[in-house]
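A structural walkthrough
If you want the building blocks of each chain, they are given just below.
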Amino acid sequence: MLITNEEVISIAFVSAVEAVNIKDSVIMNAQLTYIKPALTLPLYIVVESDPESYPELITQYLKPCLSYYVKYLAYSTLFIEKSGSIGLIDPIYSVTNFTEIRQASIQDSLSIAQNFEKAMVDYIILQNSPEYQPPIPPVVTGRLKCGFYI
């Protein structure tokens, strides 16, 4: 994995969250779902196998991006699962009991992650990384009518 649960917490969380509550499976899911496609497969393989060769990319861009995607994926669980007899986020001192606020917080995490992803890809392009293969946009032909191209 490209980041530890402790790093995720230090980058993306303000509230005290125990490291055991950020599962490796969530980190790996975020890494495979968001980071791998953003880097493209050739660059992802190189970064994962030799992270020491990409210190600025990883520290300044990838880890913040990945941290917020992990937060986005883990947030709902953190609000509802229990740790012992109390919730992971103390309901007495938190406004997260309100569904609208909780949903806005989750969407904010996604927006932050997407902003970091854009900055990361911009950085990769600016560095002219030979392993990066920009995605080819789909070819659009004809006119869209009722959800179909004619």
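As a reminder, the structure under discussion sits directly above these lines.
All of the points below concern the structure found in this document. (Residues numbered from 1 in each chain as written. Predicted model: local features only at pLDDT ≥ 70, side-chain atom pairs only at ≥ 80, totals over all residues. Heavy atoms only, no water.)

**Quick look at the packing of aromatic side chains**
- Considering all chains together, one arrives at four aromatic pairs under this definition.
- Their ring planes at 20° and their centres at 4.6 Å tell us that Y61 and Y123 sit as a pair that is stacked. Taken together, the positions of Y61 in helix 4 (residues 55-80) and Y123 in helix 5 (residues 99-126) put the pair 62 residues apart, joining distant regions of the chain. Judged on exposure class, the residue Y61 and its partner Y123 are both buried.
- Judged by centre distance (5.8 Å) and plane angle (25°), the rings of Y68 and F116 are stacked. With Y68 in helix 4 and F116 in helix 5, the pair connects residues that are 48 residues apart, well separated along the chain.
- Its guanidinium or amino end placed over the ring of F13, K71 lies 5.1 Å from that ring's centre, counting from NZ or CZ. (Phe/Tyr/Trp six-rings, centres within 6.5 Å; stacked < 30°, edge-to-face > 60°. Helix = DSSP H or I, 4+ residues; strand = E, 2+ residues; numbered from the N terminus. Buried < 20%, exposed > 50% of the residue type's maximum accessible area, 1.4 Å probe, protein only. Lys NZ or Arg CZ within 6 Å of the ring centre and 35° of its normal.)

**Quick look at the nonpolar core**
- Ranked by size, the top nonpolar core spans 37 residues in total, and within it F13, I22, I35, L39, V47 and M120 carry the most contacts.
- Only helix 1 (5-12), helix 2 (24-39), helix 3 (41-49), helix 4 and helix 5 provide two or more residues apiece to this core.
- Here this core gets 12 residues from one element, more than from any other, and that element is helix 4.
- The residues touching I35, leaving out its near neighbours within four places in the chain, are L2, A30, Y44, L62, C65, L66 and M120. (Core = buried A, V, L, I, M, F, W, Y, C linked by side-chain atoms within 4.5 Å. Contact = heavy atoms within 4.5 Å.)

**A word on the packing of helix 2 against helix 5**
- In the contact formed by helix 2 and helix 5, the axes pass within 10 Å of each other and the chain directions differ by 25°. Of the possible angle classes, the one that applies to helix 2 and helix 5 is roughly parallel. Both helix 2 and helix 5 take part in a crossing whose hand is right-handed. For the pair helix 2 and helix 5, the contacting residues are Y34, I35, A38 and L39 in the first and E117, M120, V121 and I124 in the second.
- Counted by class, the contact of helix 2 with helix 5 contains seven nonpolar, no polar and one charged residues. (Axes fitted to C-alpha atoms, helices over the stretch in contact; angles between N-to-C directions. Parallel < 35°, antiparallel > 145°, perpendicular 65-115°, else oblique. Left-handed = near helix turned anticlockwise from the far one by under 90°. Nonpolar A, V, L, I, M, F, W, Y, C, P; charged D, E, K, R; others polar.)

**Some details on the pattern of salt bridges**
- One pass over the structure, following the stated rule, counts two salt bridges.
- Across the salt bridge formed by K63 and E7, the nearest N and O atoms sit 2.6 Å from each other. Of the two residues, K63 sits in helix 4 while E7 sits in helix 1, which places them 56 residues apart along the sequence.
- Look at E7 and you get partly exposed, because its relative accessible area is 25%.
- Between K118 and D122 there is a salt bridge, and its shortest N-O distance comes to 2.9 Å. Highlighted residues: K118 and D122, both in helix 5, separated by four residues, approximately one helical turn.
- A relative accessible area of 54% places K118 in the exposed class. (Salt bridge = Lys/Arg side-chain N within 4 Å of Asp/Glu carboxyl O.)

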